[in-house]
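Spelled out from the first residue to the last, the chains are:
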Amino acid sequence: VTYWPLPGGWPASFEADVGRMAAAGLQAVRLFEMPDRRLLDAAWQHGLRVFGGLKWGHNADFDQRPALYSGARVALVRALREVAGHPALAGVYVGNEIPADLVRWIGPLQVRLAIEGLIALGRETAPGLLFAYANYPSTEYLEPANADFSAFNVYLEDPAAFGAYLKRLHHIAGDRPLVI
């Protein structure tokens, strides 16, 4: 299940939300930013694993504004130093849906290399975690070669269209696990 962020910031306690997730049979929680220890502790008590998300300026031209990318590297290392050893943290998404027009502007190779650089840095900093990039259909060609699993955000409500696209995503993922 995807969880947070909502206006107003993190709740004072995660216990109720995490308890409901576990009661519903969920096993993993995906965030769009890195979790704090309170969330990780609550998740661990309820048997849930957490996938954090690196929040950075990936929706802007980080090639022409290198401070955005170097800031992402610093933020990743800083966050991993705080929570990488927590048993509830399973992995980290180093980015999420870089817009297709921005990818064309910067260049697909340059963008993919930036994603792969963050994955390599994450793996160097926290070798026990899984790392990936949350892609979407418009930029499926950005699939990072060094990701531990393939991840796609797919918004298809028609079962036949979803089934057909799911087959394609399995081909893109190859021998890696696929997270939808």
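Residues numbered from 1 in each chain as written. Predicted model: local features only at pLDDT ≥ 70, side-chain atom pairs only at ≥ 80, totals over all residues. Heavy atoms only, no water.

A. Spatial organisation of the packing of helix 3 (residues 66–83) against helix 5 (residues 108–125). Two numbers describe how helix 3 lies on helix 5: the axes approach to 10 Å, and their chain directions differ by 25°. With respect to their mutual orientation, helix 3 and helix 5 come out roughly parallel. In this structure, the crossing between helix 3 and helix 5 has a hand that is right-handed. Residues Tyr69, Ala72, Arg73, Leu76, Val77 and Leu80 of helix 3 pack against Leu113, Ala114, Gly117, Leu118, Leu121, Gly122 and Thr125 of helix 5. For the contact of helix 3 with helix 5, the per-class residue count stands at nine nonpolar, three polar and one charged. (Axes fitted to C-alpha atoms, helices over the stretch in contact; angles between N-to-C directions. Helix = DSSP H or I, 4+ residues; strand = E, 2+ residues; numbered from the N terminus. Parallel < 35°, antiparallel > 145°, perpendicular 65-115°, else oblique. Left-handed = near helix turned anticlockwise from the far one by under 90°. Contact = heavy atoms within 4.5 Å. Nonpolar A, V, L, I, M, F, W, Y, C, P; charged D, E, K, R; others polar.)

B. Quick look at the environment of Val18. Within the secondary structure layout, Val18 lies in helix 1 (residues 15–23). Sequence spacing of Val18 and Asp63 is 45 residues, and the spatial spacing of their C-alpha atoms is 38 Å. Excluding residues within four positions of it along the chain, Val18 makes contact with Leu39, Ala42, Ala43, His46 and Leu48.

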